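A structural walkthrough
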Amino acid sequence: MKILGIGLFLAGFGYNYWLKRKMTIFIKQRPLVQWILIAYAVLAFYMAYQWGSTIQDYILAGSSVLLLYSLAFFQGINKDSVLVFLGTTSLLKRIKVNEMDHILLEEVSGKTTY
């Protein structure tokens, strides 16, 4: 069962990485996202240490951290598409510009937007 989990996490990371290679501009994440990822990594490795302490448990924890990292930091923009995390799956979605019907842009004065 652990092998299946490792395979799924790594397959998701590989797919997200494959999509990321085609992006030219990447979305800058706030430091809070980085701290959440660090806290998740510490928690995942602590759980692997407490409940299993086998190499498979540590690989499973590491692969889940990699997948979460790819969701947070692989989002980007290309000249003809946008790579976003929609929240319904653990895979990124590539949306072509010609598939977008309506884009709502909001101007916020005095705030840095990403």
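For the structure itself, consult the block above.
Here we summarise the structure given alongside this text.

About the criteria used
Residues numbered from 1 in each chain as written. Predicted model: local features only at pLDDT ≥ 70, side-chain atom pairs only at ≥ 80, totals over all residues. Heavy atoms only, no water. Salt bridge = Lys/Arg side-chain N within 4 Å of Asp/Glu carboxyl O. Helix = DSSP H or I, 4+ residues; strand = E, 2+ residues; numbered from the N terminus. Buried < 20%, exposed > 50% of the residue type's maximum accessible area, 1.4 Å probe, protein only. Pairing = 2+ DSSP bridges. Phe/Tyr/Trp six-rings, centres within 6.5 Å; stacked < 30°, edge-to-face > 60°.

Time to look at the pattern of salt bridges. Side chains bearing opposite charge may pair, as long as their charged atoms lie close to each other. The tally for this structure, following the rule as stated, stands at 1 salt bridge. When the shortest N-O distance is used, the salt bridge between Lys2 and Asp57 registers 2.8 Å. Of the two residues, Lys2 sits in helix α1 (residues 2-20) while Asp57 sits in helix α3 (residues 55-73), which places them 55 residues apart along the sequence. Judged by its relative accessible area of 34%, Lys2 is partly exposed.

Glancing now at the sheet that holds strand β3 (residues 81-84). Taken together, the 4 strands give an open sheet; going across it, the order is β1-β2-β3-β4, and neighbouring strands pair in antiparallel fashion. In the strand order of this sheet, the two ends are held by β1 (25-26) and β4 (93-96), each with one partner. Of the pairings in the sheet, the one linking β1 to strand β2 (residues 76-77) comprises 2 bridges and is antiparallel in character. Its bridge partner being in β2, Ile25 is matched across the sheet by Ile77.

Attention now goes to the packing of aromatic side chains. One pass over the structure, following the stated rule, counts 6 aromatic pairs. Between Phe13 and Phe74, the aromatic rings sit 5.9 Å apart at their centres with planes inclined by 45°, giving tilted as the arrangement. With Phe13 in helix α1 and Phe74 in the loop between α3 and β2, this residue pair connects regions lying 61 residues apart in the sequence. The two residues Phe13 and Phe74 agree in class, both being buried. With a centroid separation of 6.2 Å and an interplanar angle of 35°, the aromatic rings of Tyr15 and Trp18 are classed as tilted. Taken as a pair, Tyr15 and Trp18 lie in helix α1 at a separation of 3 residues, close to a single helical turn. We classify Tyr15 as partly exposed; its relative accessible area is 35%. The structure contains a cluster of three or more aromatic residues connected by ring pairs, namely Phe13, Tyr17, Tyr69, Phe73 and Phe74.

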